Amino acid sequence: MSQGVVEHPQTAPASATQAPPAVRYVYFFGNGKADGNGRMKDLLGGKGAGLAEMTNAGLPVPPGFTIQTEACREFLRGRLNPKIDEQIRAALERLERVQGQKLGEGDSPLLVSVRSGAKFSMPGMMDTILNLGLNDKSVEALARRSHDPRFACDSYRRLIQMFGDVVLNIPKAKFEAIFDAAKKRARVRYDHELSPAALREVIAAYKKLIKTETGKEFPQNPLDQLTQARDAVFRSWNNERARIYRRIHRIDESIGTAVNVQAMVFGNMGESSGTGVGFTRNPATGEHTFFGEYLPNAQGEDVVSGVRTPLPIRELERIMPHAYDQLRAITWKMEKHYRDLQDFEFTIQDGKLYMLQTRTGKRTGQAAVRIAVDMVREGLITEEEAILRVEPNQLYDFLVPHLDEKDTNAELLATGLPASPGAAVGQIVFTAHDAVEHHAKGDYASILLVRSETTPEDIGGMEVASAILTSRGGMTSHAAVVTRGMGKCCVTGAGELVVDDERKELRAHGKTFREGDWLSLDGATGRVFEGKLKTLPAQPDDPDLVRFLGWADATRRLRVMANADIPRDARQARIFGAQGIGLCRTEHMFFAPDRIEHMRAMILARTEAERRAALARLLPMQRADFIGLFESMDKLPVVIRLLDPPLHEFLPSREDLMVEIAHLEDRHPHSGKLKELRALLGRVEELREMNPMLGLRGCRLGIVFSEITEMRARAIFEAAAAIREEGGNPHLEIMVPLIATVEEMRNQAGIIRRVAVEVCKEKKVAIDYKIGTMIELPRAAIVADKIAEEAEFFSFGTNDLTQTAFGISRDDINQFLPAYLQQGIFREDPFATLDKPGVGSLLAMATAKGRSTRPQLEVGICGEHGGDPETVKFCHRIGLNYVSCSPFRLLTARLAAAQAALEERRVVPDLYSGAS
């Protein structure tokens, strides 16, 4: 879906730019029959398609109509087809006939809700307006009809507040201040305790606020309300929180949202009414239990906003057993029909159940795997369908840490609801803005966002936070749903905590915590601890996960290997299913305290003899490292990259040396260390480059100082010989970095082969090996056919290839990346997900050219992109043999590779188009 970088982010797909003649914009549903169905998500959005499907299934769904997504795209382009208004009026008249009511008129006025509904679920990111159709006259009619003036007035004030916020862009806080002041005057705590007279005062104050802010009265014409609400929902597609959410979840900017207009049913008509949300299985654990929450005498926004902490859905069985039994039967039927976890919303009005929505439920990674495996056992889905049901990044949930239960110093502050699993230890902040600010500064090691409840506007802070903690809200609140989708730890409804958002304080058990203080959260149990607790690593040996990954491994074609530099990482990679090491960066071994002095001696050497003497001291250390890697991998392949970074990286920084020298000259001018430091500074000055990442590094080091390549090759081959002597069979591949010409490749390959012959002769063993290169420069991709004359394999170093293709430093991209993302110039960070139209085309071209010279050429990818699901799928499509990634992304890559194999059976895209 996403392509990394887009040329024209505001341009709709070709299918959307020219509406066909007599296009249908509005689809009706009601009375057991709908114009659409559940397969029409592209047109009707997920919510509209779900309403149509439920209606066709005979479920109790309030009637209404859906304005399809093409209308949104036209609105955002600035031109609405006049047919849209005509079709809306016709659908409204049909709805009025079905209901026997008129919108906002008569003794029994029809009221409607206006809700967004994109193809992909975006909980809370766009806008909703309830009770539309109420005005100064119809509110009195509603009071007479319901025999409940408080209910009628409360419904009207809710409409004015939502309309003022969503349509007229008046800050919600201004309405809330008026409402809170009314409660304070009346000396009541809860909303429903306000009298009708008090609510009328609130309504008058709300209308006065609208006149002050806009210069216009609150619209009394119901059709004007409907048109303005529709347009506001269309506009909400491009609000900041929605754009951030789409970027995080890689949802196409161009698809737009549908708008659902539906007859209102009321959960706030008294104790025989209520509203709730639920899931057909536990979305946090995957357990096959009925799961959800219910609020009596409330509207749906009260549940999902987290303003009130709801009751477990089991309480409904006690309060209204008939409605509960009906709800259980209906939701079981829905899950069986859709063959997936369902997230549903319902309202009970005067004891009668209505279903307002069903959609595929968001779930944690642990729940996703368990539900997929259980549904295969239950015969609902196949193993292949199960593989496609889990987002690859969700498997990281099995690798998240857990709090150390043996930490006896832990003081439990509160226990809330376990909204999303994992553990998080971090410093607290109280606003999304502060979270983003501290993340940008990097002054907090880990950020915990603490709120009384989150709102959709908090999405930016939630993205950068390690975990979310709220004092209000339930398992289906905004915080819970969004963090589960992000795979982050979350605890909600921790009622023992008092969160003062204005003073930025958290109070519990007589203690006060302020910004920067440390807390520890356990998302699996809902517990909140004071201070910094220890965490324990996860054990990815869950039986359901093992079984699930077995299906994935049997399906995929791509091999999945690991980037590992030391034996410990290699052993961890084997546990996570690595099929070898695709990248061993040998330079990382030189930073150890017992080695750095020898490495610096080699750099400071003035003659080849001095350099060789220093390298000789490093050789046994390198050999021991490689022996450990070969032992850890047994017979699996190990790809070892020769020295890549510039030499100055192994030396102290120029600025630090100058400061130290100045300090010694001032305090200890006769110190013997001064001579040593001045010599070191002199060498640093000699090695200083204007652009070191494009200077003396990679193969260029091995060409200028051939003894460096010789030592590395000797250490590798001597390690392989040692393994062979012990009866092992190392699978060895040596990779030369930063190659741009076949002559460079020929030079370095010649040295490596010469050393191989020498070692095999000395040790009297035969060693199988390959010599290949890292393709990380555009020129190398262009002349890959020539380089393949010498290279026996390619591995794409996409970090540097992205840098050199874009002319962007990955260390400096954050200077402008936020602006690029906000303005739609980049859809995502090109260093996180491969730029398929540009860098991806270089990969495809180099692969094809290399194999034109060497048909059996093995090709892989070893940059950080190797663990990104979309990049893994692209690598499958262009015919790579393997991907290599960090050990903790191996599970993700294994599943993404399996999904790529399954998706290939349905479509074969143009490999050079960047299609995903």
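Please refer to the structure higher up on the page.
Residues numbered from 1 in each chain as written. Predicted model: local features only at pLDDT ≥ 70, side-chain atom pairs only at ≥ 80, totals over all residues. Heavy atoms only, no water.

Q: Report on the overall build of the protein chain, specifying residues and quantitative values.
A: Within the protein chain one finds 34 helices and 32 strands. A globule of 916 residues ought to have a C-alpha radius of gyration of about 29 Å, and the protein chain, at 32 Å, matches this closely. Over its C-alpha atoms, taken along the principal directions, the protein chain stretches across nearly 100 × 65 × 50 Å. Split into buried and exposed, the 916 residues of the protein chain put 58% on the buried side. Contacts in the protein chain between residues at least 24 apart in sequence constitute 70% of all its contacts with a sequence separation of at least 6. When the accessible surface of the protein chain is summed, it comes to about 37,700 Å², and 50% of that surface belongs to carbon and sulfur atoms. (Helix = DSSP H or I, 4+ residues; strand = E, 2+ residues; numbered from the N terminus. Rg over C-alpha atoms; globule rule 2.2 N^0.38 Å. Buried < 20%, exposed > 50% of the residue type's maximum accessible area, 1.4 Å probe, protein only. Contact = heavy atoms within 4.5 Å. Areas by Shrake-Rupley, 256 points an atom, 1.4 Å probe, with all protein chains shown as cover.)

Q: How would you explain the sheet that holds strand E10 (residues 342-349) if you had to name every residue and give the values?
A: Ordered by their spatial adjacency, five strands build an open sheet running E9-E8-E7-E10-E11, and the pairing between neighbours is antiparallel. Each end of this open sheet is capped by a strand with a single partner; those strands are strand E9 (311-312) and strand E11 (352-360). The pairing of strand E7 (residues 274-279) with strand E8 (residues 291-296) spans six bridges and is antiparallel. Bridge pairing links Val-277 to Glu-293 in E8. (Pairing = 2+ DSSP bridges.)

Q: Give a description of the pattern of salt bridges that names residues and reports values.
A: Enumeration over the complete set of coordinates arrives at 69 salt bridges. Here Arg-559 makes a salt bridge to Glu-858, at a shortest N to O gap of 3.1 Å. Here Glu-858 lies in strand E31 (residues 858-861) and Arg-559 lies in strand E25 (residues 559-563), a separation of 299 residues in the sequence. In this structure, Arg-714 and Glu-762 form a salt bridge, with 3.0 Å as the shortest nitrogen-oxygen distance. Of this pair, Arg-714 sits in helix H26 (residues 706-725) while Glu-762 sits in helix H27 (residues 742-763), placing them 48 residues apart in sequence. (Salt bridge = Lys/Arg side-chain N within 4 Å of Asp/Glu carboxyl O.)

Q: Describe the nonpolar core, and please don't skip the residues or the numbers.
A: Within the largest apolar cluster, 131 residues are counted, with the highest numbers of intra-cluster contacts made by Leu-395 and Phe-717. For this core, the leading source of residues is H26, giving 11 residues. Setting aside residues no more than four positions away along its own chain, Phe-717 makes contact with Leu-732, Ile-734, Ile-752, Val-755, Ala-756, Val-759, Ile-767 and Tyr-769. (Core = buried A, V, L, I, M, F, W, Y, C linked by side-chain atoms within 4.5 Å.)

Q: Before we move on, can you summarise the sheet that holds E31 with the specific residues and values?
A: Read around the closed barrel, the eight strands follow the order E25-E26-E27-E28-E29-E30-E31-E32; overall the barrel is parallel. The mean inter-strand angle of the sheet, taken between neighbouring strand axes irrespective of direction, is 25°. Pairing between strand E27 (residues 637-641) and strand E28 (residues 731-736): five bridges, direction parallel. What sits directly across from Val-639, in E28, is Glu-733. Sheet contacts for helix H32 (residues 836-853): strand E30 (793-796) and E31; angle to E30, the most-contacted strand, approximately 175°. (Axes fitted to C-alpha atoms, helices over the stretch in contact; angles between N-to-C directions.)

Q: Report on the packing of helix H22 (residues 608-633) against H26, specifying residues and quantitative values.
A: Remark: H22 packs on H26, axes separated minimally by 8 Å, with the N-to-C direction vectors making an angle of 35°. Between H22 and H26 lies a crossing of right-handed hand. Looking at the contact of H22 with H26, its residues break down into 14 nonpolar, one polar and 10 charged. (Left-handed = near helix turned anticlockwise from the far one by under 90°. Nonpolar A, V, L, I, M, F, W, Y, C, P; charged D, E, K, R; others polar.)

Q: So what about the environment of Asp-544? Which residues, and what values?
A: Locating Asp-544 in the fold gives a position in helix H19 (residues 543-555). Given the relative accessible area of 14%, Asp-544 is considered buried. Linking Asp-544 and Val-369, residues 175 residues apart in sequence, is a C-alpha distance of 6.7 Å. Beyond its immediate stretch of four places on either side in the chain, Asp-544 contacts Val-369, Arg-370, Val-373 and Arg-377.

Q: Now, about the packing of helix H33 (residues 869-877) against helix H34 (residues 890-904): what can you tell me, with residues and values included?
A: With their axes 8 Å apart at the nearest point, H33 and H34 run at an angle of 50° to one another. Here H33 lies oblique to H34, going by the angle between them. Relative to H34, the crossing made by H33 is right-handed. Of the residues in H34, those touching H33 at Pro-869, Val-872, Lys-873 and His-876 are Thr-892, Ala-893, Ala-896, Ala-897, Gln-899, Ala-900, Ala-901, Glu-903 and Glu-904. Taken together, the residues of the contact of H33 with H34 sort by class into seven nonpolar, three polar and three charged. (Parallel < 35°, antiparallel > 145°, perpendicular 65-115°, else oblique.)

Q: Requested: an account of the side chain of Gln-349, with residues and values cited.
A: Take Gln-349: it is sitting in strand E10. By relative accessible area, Gln-349 is classed as buried at 15%. Within polar-contact distance, the side chain of Gln-349 engages the backbone nitrogen of Phe-266 at 2.6 Å. Sequence-distant contacts of Gln-349, that is, excluding residues within four places in its chain, are made with Val-265, Phe-266, Met-269, Ser-272, Ser-273 and Tyr-354. (Polar contact = N/O pair within 3.5 Å; in protein donor to acceptor, adjacent residues only side chain to side chain.)

By themselves, these are just geometric observations and shouldn't be taken as functional.
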